[in-house]
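# Structural overview for review
One-letter residues, chain by chain:
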Amino acid sequence: MSERSLPPPTLERLPVYVRVLDDLARHGESTASSSRVAELAGVAPAQVRKDLSRLGTYGTRGVGYDVADLAAHVRRALHLSDAHRVIVVGAGHLGQAVARYGGLRARGFEVVAPTDVDPAVVGRSVDGVLVRHEDDLAEVVASTGATIAVLAVPPVAAQGTLDALAAAGVVSVLSFVPGRLNVPDGMAVRVVDVAAELQILSFYASSP
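Residues numbered from 1 in each chain as written. Predicted model: local features only at pLDDT ≥ 70, side-chain atom pairs only at ≥ 80, totals over all residues. Heavy atoms only, no water.

## Quick look at a nonpolar patch on the surface
Taken together, the side chains of Leu-174, Val-192, Val-194, Leu-198, Ile-200, Leu-201, Phe-203 and Tyr-204 define a hydrophobic patch exposed on the protein surface, amounting to about 780 Å² of accessible area. Looking at the nonpolar patch, the element that brings in the most residues is helix 9 (residues 194–206), giving 6 residues. Mapped onto the elements, Phe-203 comes out in helix 9. Among the residues examined, Phe-203 registers a relative accessible area of 57% and is labelled exposed. (Patch = residues over 30% accessible without salt bridge, like charges linked within 9 Å, V, L, I, M, F, W, Y side chains within 5 Å. Areas by Shrake-Rupley, 256 points an atom, 1.4 Å probe, with all protein chains shown as cover. Salt bridge = Lys/Arg side-chain N within 4 Å of Asp/Glu carboxyl O. Helix = DSSP H or I, 4+ residues; strand = E, 2+ residues; numbered from the N terminus. Buried < 20%, exposed > 50% of the residue type's maximum accessible area, 1.4 Å probe, protein only.)

## Remarks on the sheet that holds strand 10 (residues 188–191)
Spatial ordering of the open sheet is given by 7-4-3-8-9-10, a layout of 6 strands whose pairing is parallel. Every other strand in the sheet has two partners, leaving strand 7 (132–133) and strand 10 as the edge strands with one partner each. When strand 9 (residues 172–175) meets strand 10, the two strands line up parallel, connected through 4 bridges. Residue pairing in the sheet places Leu-174 in a bridge with Arg-190 of strand 10. (Pairing = 2+ DSSP bridges.)

## Points about the pairing of strand 8 (residues 148–151)
Successive residues of a regular strand alternate their side chains across the two faces of the sheet. Of the two faces of strand 8, both are covered, the one formed by Ile-148 and Val-150 as well as the one formed by Ala-149 and Leu-151. In this structure, strand 3 (residues 84–89) lies alongside strand 8, joined through 4 bridges in parallel fashion. From the neighbouring strand, Val-86 faces strand 8, where its bridge partner is Ile-148. By the bridge criterion, 4 bridges tie strand 8 to strand 9 in an arrangement that is parallel. From the neighbouring strand, Ile-148 faces strand 9, where its bridge partner is Ser-172. Regarding the hand of the β-α-β motif, the stretch spanning strand 8, helix 8 (residues 155–168) and strand 9 is right-handed. (Right-handed = clockwise from strand over helix to strand, strands pointing away.)

## Points about the packing of aromatic side chains
Under the definition given, this model contains 1 aromatic pair. Between Phe-203 and Tyr-204, the aromatic rings sit 5.3 Å apart at their centres with planes inclined by 80 degrees, giving edge-to-face as the arrangement. (Phe/Tyr/Trp six-rings, centres within 6.5 Å; stacked < 30°, edge-to-face > 60°.)

## Observations concerning the pattern of salt bridges
Taken as a whole, this structure holds 8 salt bridges when the rule is applied. Among the salt bridges present, the one from Arg-36 reaches Glu-39, with a minimum N-O distance of 3.6 Å. Placement of the pair is Arg-36 and Glu-39 together in helix 2 (residues 34–41), with a separation of 3 residues, close to one helical turn. According to the relative accessible area criterion, Glu-39 is exposed, its value standing at 57%.

## What to know about the packing of helix 1 (residues 8–26) against helix 4 (residues 67–77)
The interhelical angle for the contact between helix 1 and helix 4, taken along N-to-C directions, is 150 degrees, at an axis separation of 9 Å. As the angle between them shows, helix 1 and helix 4 are arranged roughly antiparallel. For the pair helix 1 and helix 4, the crossing hand works out as left-handed. Across the interface between the two elements, Leu-14, Val-18, Leu-21, Asp-22, Leu-24 and Ala-25 from helix 1 touch Val-67, Leu-70, Ala-71, Val-74, Arg-75 and Ala-77 from helix 4. In terms of residue class, the contact of helix 1 with helix 4 is built from 10 nonpolar, no polar and 2 charged. (Axes fitted to C-alpha atoms, helices over the stretch in contact; angles between N-to-C directions. Parallel < 35°, antiparallel > 145°, perpendicular 65-115°, else oblique. Left-handed = near helix turned anticlockwise from the far one by under 90°. Contact = heavy atoms within 4.5 Å. Nonpolar A, V, L, I, M, F, W, Y, C, P; charged D, E, K, R; others polar.)

## Re helix 3 (residues 45–53)
The complete set of buried residues in helix 3 reads Val-48, Asp-51 and Leu-52. The arc that holds the buried residues of helix 3, viewed along the axis, is 90 degrees, so those residues lie on one side. Looking at the buried side of helix 3, the elements it contacts are helix 1, helix 2, strand 2 (65–66) and helix 4. (Arc of directions from axis to C-beta.)

## Focus on the packing of helix 1 against helix 2
It is the contact of helix 1 with helix 2, at a shortest axis distance of 9 Å, that shows an interaxial angle of 110 degrees. Considering the angle they form, helix 1 stands roughly perpendicular to helix 2. For the element pair helix 1 and helix 2, the recorded crossing hand is right-handed. Taking contact as the criterion, the partners of Val-16, Tyr-17, Arg-19, Val-20, Leu-21 and Leu-24 in helix 1 are, on helix 2, Arg-36, Val-37, Leu-40 and Ala-41. Residue composition of the contact of helix 1 with helix 2, by class: 8 nonpolar, no polar and 2 charged.

Function-wise, these values are silent; they only describe arrangement.
Okay, structure coming up:
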């Protein structure tokens with residue numbers, strides 16, 4: 001099965017498996033059963049086996065999976081073996097926090113350009129990278145080779161910016177802008193609504 005045709009729930013679990021396998025490797029475990037991976041990932045063993053079988057890997061009966069090989073296999077499925085260049089659109093507090101987050105580089109993602117429209121921000125450096133003006137978005141994408149963008153702009157500007165990113169050739173976007181967006185053809189968008197997640201947690205925090 002092509003990675004493009006992976007069911008979304010399976011795709012969403014693959015990064016969890018990468019984290020689990022990396023943790024196992026750091027603790028010196030060279031092999032792991034599906035039950036062990038499932039326990040650490042918080043899913044059922046049968047689900048782990050089904051997800052991994054979609055990638056063409058089945059482990060060895062009585063032994064389990066080779067941790068290093070399986071981690072490499074899942075990374076290839078997620079195309080993490082390639083370095084990904086990322087632009088951050090909106091260099092306010094949230095955008096700057098994302099641009100400075102060291103965990104991105106450790107996982108193969110390089111922030112190559114924050115952008116903004118605020119003259120007080122444009123031209124400044126964020127973690128050693130120059131903030132460019134959003135009017136130059138197409139040129140920034142072309143010159144950096146970025147294919148992924150983080151969207152951290154005000155809601156009123158979100159749709160226009162998303163369309164501009166698509167026109168510039170960006171194919172994947174992580175949006176921190178709440179609300180519905182009309183996603184251009186050929187683009188994948190993931191939305192993180194921090195306030196909504198906190199509102200859900202408030203329910204659990206207030207439950208007896």
